Amino acid sequence: TQLLEQSPQFLSIQEGENLTVYCNSSSVFSSLQWYRQEPGEGPVLLVTVVTGGEVKKLKRLTFQFGDARKDSSLHITAAQTGDTGLYLCAGANSGGSNYKLTFGKGTLLTVNP
Amino acid sequence: ETGVTQTPRHLVMGMTNKKSLKCEQHLGHNAMYWYKQSAKKPLELMFVYSLEERVENNSVPSRFSPECPNSSHLFLHLHTLQPEDSALYLCASSQEGLAKNIQYFGAGTRLSVL
């Protein structure tokens, strides 16, 4: 069974601070996706990383896929209150059926004004 | 707007009621999914339909019954639910065959079973 561990589980910071959240596994994934889920809404895709060592930037958000494709990190620079939400990582299987995603439990981020 | 619409957004039902959740996708995708999201747990995959055929039933109790009449619509029929079934039920769609398997989610139905 593939598992994704996300840390920290909860994070509360002030506006303007930087933060990093992590997504770790002992399994290899063919790709990894990051979603943000706001209260009362479904998860919305932020980015997909595919290649080991890949770094993608989305404005103030920087995503990195580990060299071995087992882990990933999300770094937010100068956090804003609009960044508040549940950040989920999800790994796509490297073999077998290509419709399954393995989700982590998420990191609940609160950015205070 | 993700292109996946779920109704109703909120539902309160008793344990003896029968209700249905509806999902519609406007993205031209060929795969649709039902997930259950409970507090402090990862998203749990319940059912997967690909090209209108069910390809995954993740040991879900029979009180949950999915239906996929066409590639754009997905239903989850509920009957004789238990209080522990209270959760956010999310529908998603994707274009199967793409290795990245990017899934697009609806806003969910918040279900409370009394």
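Peer 1: Looking at this structure, how should I read the overall build of chain A?
Peer 2: If you tally the helices and strands in chain A, you get zero helices and 11 strands. Mapped from its N terminus to its C terminus, chain A presents α and β elements in the order β-β-β-β-β-β-β-β-β-β-β. Taking 2.2 N^0.38 as the reference for a compact globule, 113 residues should give roughly 13 Å; the C-alpha atoms of chain A span a radius of gyration of 14 Å, in line with that estimate. Dimensions along the principal axes, computed over C-alpha positions, put chain A at roughly 45 × 30 × 20 Å. Partitioning the contacts of chain A with sequence separation of at least 6, the portion at a separation of at least 24 is 55%. Within the structure as shown, chain A displays about 5,200 Å² of accessible surface, and the carbon and sulfur contribution to it stands at 49%.

Peer 1: Would you mind going over the environment of B:Cys91 with me for this structure?
Peer 2: As for its position among the elements, B:Cys91 is in strand β9 (residues 87–94). Considering only alpha carbons, one finds B:Cys91 and B:Phe105, 14 residues apart in sequence, at a separation of 5.8 Å.

Peer 1: Is there a simple way to think about the interface of chain A and chain B in this case?
Peer 2: Accessible area lost when the parts come together is the quantity often used to give the size of an interface. Listed as interface residues are 24 residues of chain A and, on the opposing side, 26 residues of chain B. Contact between chain A and chain B buries roughly 1,900 Å² in total, counting both sides, with carbon and sulfur atoms accounting for 56%. Applying the counting rule to chain A against chain B returns one salt bridge. Between B:Arg9 and A:Glu41 there is a salt bridge; the shortest N-O distance is 4.0 Å. Across the contact surface, chain A and chain B share three residue pairs in polar contact (both at pLDDT 80 or more). At the level of elements, β4 (29–37), β5 (44–49), β9 (85–93) and β10 (101–103) of chain A are the ones that each hand at least two residues to the side of chain A that touches chain B. Counting residues per element, the side of chain A that touches chain B draws most heavily on β4(A), at five residues.

Peer 1: Just checking my understanding: could you explain the nonpolar core for this structure?
Peer 2: One broad trend across soluble globular proteins is that nonpolar side chains are buried collectively. Counting 22 residues, the largest nonpolar core has B:Trp34, B:Phe64, B:Leu76 and B:Leu78 as the members making the most contacts within it. Mapped by element, the contributors of at least two residues to this core are β2 (10–13), β3 (18–25), β4 (31–37), β5 (44–50), β7 (64–70), β8 (73–79), β9 and β11 (109–113) of chain B. Formed by 21 residues, the second largest nonpolar core is a distinct cluster that contains A:Val21, A:Trp34, A:Val49 and A:Leu61.

Peer 1: Teacher, can you tell me more about the pairing of β7(B) here?
Peer 2: Successive residues of a regular strand alternate their side chains across the two faces of the sheet. Residues and elements named next belong to chain B. Sheet topology note: the β7/β8 ladder contains five bridges and is antiparallel. By the bridge assignment for β8, Pro-66 is matched with Leu-76. Linkage of β7 to β8, two consecutive antiparallel strands, is achieved through a turn of two residues.

Peer 1: What is the right way to read the layout of surface pockets from this model?
Peer 2: Over the atoms, a rolling probe the size of a water molecule traces out where space has been left empty. Estimates place the volume of the largest pocket at around 500 Å³. Looking at the largest pocket, it is lined by 25 residues, and the ones nearest its centre are A:Leu86, B:Gln37, B:Ser38, B:Ala39 and B:Lys40. At the level of elements, β9 and β11 (107–112) of chain A together with β9 of chain B are the ones that each hand at least two residues to the lining of the largest pocket. In the lining of the largest pocket, the residues fall into 10 nonpolar, nine polar and six charged. Approximately 350 Å³ is the volume found for the second largest pocket. In terms of lining, the second largest pocket is formed by 17 residues, of which the most central are A:Gln2, A:Leu101, A:Thr102, A:Phe103 and B:Leu43. Counting residues per element, the lining of the second largest pocket draws most heavily on β10(A), at three residues. In the lining of the second largest pocket, the residues fall into eight nonpolar, five polar and four charged.

Peer 1: Help me understand the sheet that holds β7(B), please; the structure alone is not making it clear to me.
Peer 2: Paired through backbone hydrogen bonds, the strands of a sheet run either parallel or antiparallel to each other. Residues and elements named next belong to chain B. Spatially, four strands are ordered β1-β3-β8-β7 in an open sheet, and the strand pairing comes out antiparallel. Only two strands of the sheet have a single neighbouring strand rather than two, namely β1 (4–7) and β7. Ignoring which end each strand starts from, the neighbouring axes of this sheet average 20° apart.

So, how was this worked out
- Residues numbered from 1 in each chain as written.
- Chains lettered and ligands numbered in written order.
- Predicted model: local features only at pLDDT ≥ 70, side-chain atom pairs only at ≥ 80, totals over all residues.
- Heavy atoms only, no water.
- Helix = DSSP H or I, 4+ residues; strand = E, 2+ residues; numbered from the N terminus.
- Rg over C-alpha atoms; globule rule 2.2 N^0.38 Å.
- Contact = heavy atoms within 4.5 Å.
- Areas by Shrake-Rupley, 256 points an atom, 1.4 Å probe, with all protein chains shown as cover.
- Buried area = accessible area lost by both parts, 1.4 Å probe.
- Salt bridge = Lys/Arg side-chain N within 4 Å of Asp/Glu carboxyl O.
- Polar contact = N/O pair within 3.5 Å; in protein donor to acceptor, adjacent residues only side chain to side chain.
- Core = buried A, V, L, I, M, F, W, Y, C linked by side-chain atoms within 4.5 Å.
- Buried < 20%, exposed > 50% of the residue type's maximum accessible area, 1.4 Å probe, protein only.
- Pairing = 2+ DSSP bridges.
- 1 Å grid on protein atoms, 1.4 Å probe; cavity = no way out; pocket = protein on both sides within 12 Å on 5 of 7 lines; lining within 4 Å.
- Points joined across faces, edges and corners; volume = space filled by probe spheres on them.
- Nonpolar A, V, L, I, M, F, W, Y, C, P; charged D, E, K, R; others polar.
- Axes fitted to C-alpha atoms, helices over the stretch in contact; angles between N-to-C directions.

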